[in-house]
Amino acid sequence: MKLPDYYDDVPRLRVRDPLALALGAAEDGILEYGYGDAVRLAGHSCPTVAGAYWLTWLALEHLYPDSLPERGGITVEFRDNEADGSTGVAACVIQMLTGAAGPGGFKGLGGRFSRAWLQRYTPDLPLSFRFTRVDAGAAVDVAADLQILPADPLLNGLIKRCSRGETDPALLAELGERWQARVRHLLIDLAREPGVFLLRPVERRRAWLVPRSQMLPVADRRDA
């Protein structure tokens, strides 16, 4: 499987997963993900998938400045419901990276390692997502402002032609090239642009237990 070369230029995410350690799934419980893994999960590369991957990377960098992030030790809140827009796509990518799942997630072993109920819908959030460390209560709100991405005057026309069923190889090749150039610009050129990727630390709070009635269900789950 050949993926675009720029995927390798996007920083990878290393996490420590206590469940993976306990079950011998990975040496020292350390797992590593790249942007290509998010693409394989979603089946495509777009600003939504790229934003979910990179916002998670930035949030975990902020929450774990001196250690590997703990997969399964993070809760994630969403301002928009899963049925709204592309929230469900972002939720799948974030679940892969953090382990945080909705009610369909892993229920644990003897009361430990549960991943279920670590996602919820919180409509009054100031930004798109909130990541919280279960152990310490430290939290950060994050969002991506994709409006700053420069418009490609030819891209919309190519998309319309494709949506009409045109399958000319040259058309599809140009569409893919222009589309991925836009995603590359977001992940490579704008990765540390504070006007695009927004992070706002939340006042430290106690770790919370999630009321099941408020959880964001993640129904359309796919394996990486």
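Residues numbered from 1 in each chain as written. Predicted model: local features only at pLDDT ≥ 70, side-chain atom pairs only at ≥ 80, totals over all residues. Heavy atoms only, no water.

**A short note on the overall build of the protein chain**
Across its full length, the protein chain carries six helices and seven strands. Each helix (α) and strand (β) of the protein chain, taken in turn from the N terminus, gives the series β-α-β-α-α-β-α-β-β-β-α-α-β. Taking 224 residues into account, the globule formula puts the C-alpha radius of gyration at 17 Å, and the protein chain, at 18 Å, falls close to it. Projecting the C-alpha coordinates of the protein chain onto the three principal axes gives extents of approximately 55 × 40 × 35 Å. Taken over 224 residues, the protein chain has a buried fraction of 47%. (Helix = DSSP H or I, 4+ residues; strand = E, 2+ residues; numbered from the N terminus. Rg over C-alpha atoms; globule rule 2.2 N^0.38 Å. Buried < 20%, exposed > 50% of the residue type's maximum accessible area, 1.4 Å probe, protein only.)

**Topic: the nonpolar core**
Among the nonpolar cores identified, the biggest contains 50 residues, and Tyr35, Tyr53, Trp54, Val93, Phe129, Phe131 and Leu187 are the most heavily contacted of them. Contributing elements (two or more residues each) for this core: strand E1 (13-16), helix H2 (35-42), helix H3 (47-63), strand E3 (74-78), helix H4 (87-98), strand E5 (129-133), strand E6 (139-144) and helix H6 (169-189). Top element by residues in this core is H3. It accounts for eleven residues. Beyond its immediate sequence surroundings of up to four residues, Phe129 is in contact with Leu55, Glu77, Phe78, Ala90, Ile94, Val140, Asp141 and Val142. (Core = buried A, V, L, I, M, F, W, Y, C linked by side-chain atoms within 4.5 Å. Contact = heavy atoms within 4.5 Å.)

**Side note on H6**
Taking 1.5 Å of rise per residue, the 21 residues of H6 would be expected to cover 30 Å, and the 29 Å separating its terminal C-alpha atoms lies within 8% of that figure. All buried positions along H6 are accounted for by Leu171, Leu175, Gln180, Val183, Leu186 and Leu187. Elements in contact with the buried residues of H6: H2, H3, helix H5 (155-163) and strand E7 (197-202). (Expected span 1.5 Å × (residues − 1).)

**Some thoughts on the packing of H2 against H4**
Axis angle and axis distance: for two packed helices, these are the angle between their axes and the distance between the axes, and together they describe the pair. Their axes nearest at 10 Å, the elements H2 and H4 cross at an angle of 130 degrees. In this view, H2 runs oblique relative to H4, as classed from their interaxial angle. The hand of the H2/H4 crossing is right-handed. When H2 is examined against H4, the residues Asp37, Ala38 and Leu41 are found in contact with a partner set consisting of Cys92, Val93 and Met96. Here the contact of H2 with H4 is built from residues that sort into five nonpolar, no polar and one charged. (Axes fitted to C-alpha atoms, helices over the stretch in contact; angles between N-to-C directions. Parallel < 35°, antiparallel > 145°, perpendicular 65-115°, else oblique. Left-handed = near helix turned anticlockwise from the far one by under 90°. Nonpolar A, V, L, I, M, F, W, Y, C, P; charged D, E, K, R; others polar.)

**Quick word on a nonpolar patch on the surface**
On the surface, a nonpolar cluster with roughly 280 Å² of combined accessible area is contributed by Leu23, Phe106 and Leu109. Residue position: Leu23 is located in the loop between helix H1 (18-22) and strand E2 (30-33). For Leu23, a relative accessible area of 56% puts it in the exposed group. (Patch = residues over 30% accessible without salt bridge, like charges linked within 9 Å, V, L, I, M, F, W, Y side chains within 5 Å. Areas by Shrake-Rupley, 256 points an atom, 1.4 Å probe, with all protein chains shown as cover. Salt bridge = Lys/Arg side-chain N within 4 Å of Asp/Glu carboxyl O.)

**A short note on the pattern of salt bridges**
For the structure shown, the criterion picks out 13 salt bridges. Between Glu32 and Arg14 there is a salt bridge whose closest N-O contact spans 3.5 Å. Here Arg14 lies in strand E1 and Glu32 lies in strand E2, a separation of 18 residues in the sequence. Of the charged contacts in the structure, one is a salt bridge between Glu174 and Arg178, with a shortest N-O distance of 3.0 Å. Of this pair, Glu174 and Arg178 both sit in helix H6, four residues apart, which is roughly one turn of that helix. When salt bridges that share partners are traced, they join Arg12, Arg14 and Glu32 into one network.

**Quick look at the sheet that holds E3**
Hydrogen bonds between backbone atoms are what pair the strands of a sheet, whose relative direction is either parallel or antiparallel. Pairing is mixed across the open sheet formed by five strands, whose spatial order is E4-E3-E5-E6-E7. Both outer strands of the open sheet, strand E4 (119-121) and E7, are each paired with one neighbouring strand and no more. The average undirected angle you get between the axes of adjacent strands in this sheet is 20 degrees. Of the pairings in the sheet, the one linking E3 to E5 comprises five bridges and is antiparallel in character. Bridge pairing links Ile74 to Arg133 in E5. (Pairing = 2+ DSSP bridges.)

**Side note on the confidence of the model for the protein chain**
Residues at a pLDDT of 70 or more form 91% of the protein chain, whose mean pLDDT is 89. Counting interchain partners and residues more than four positions distant, the pLDDT-below-50 stretch residues 207-224 has 49 contacts. (pLDDT = per-residue confidence, 0-100.)

**Side note on the pairing of E3**
When you tally the buried positions in E3, you get five out of five residues, the bulk of the element. Of the two faces of E3, the one lined by Ile74, Val76 and Phe78 and the one lined by Thr75 and Glu77 are each fully buried. Alignment of E3 against E4, held across three bridges, turns out to be parallel. For Val76, the partnering residue across the bridge sits in E4 and is Gln119.

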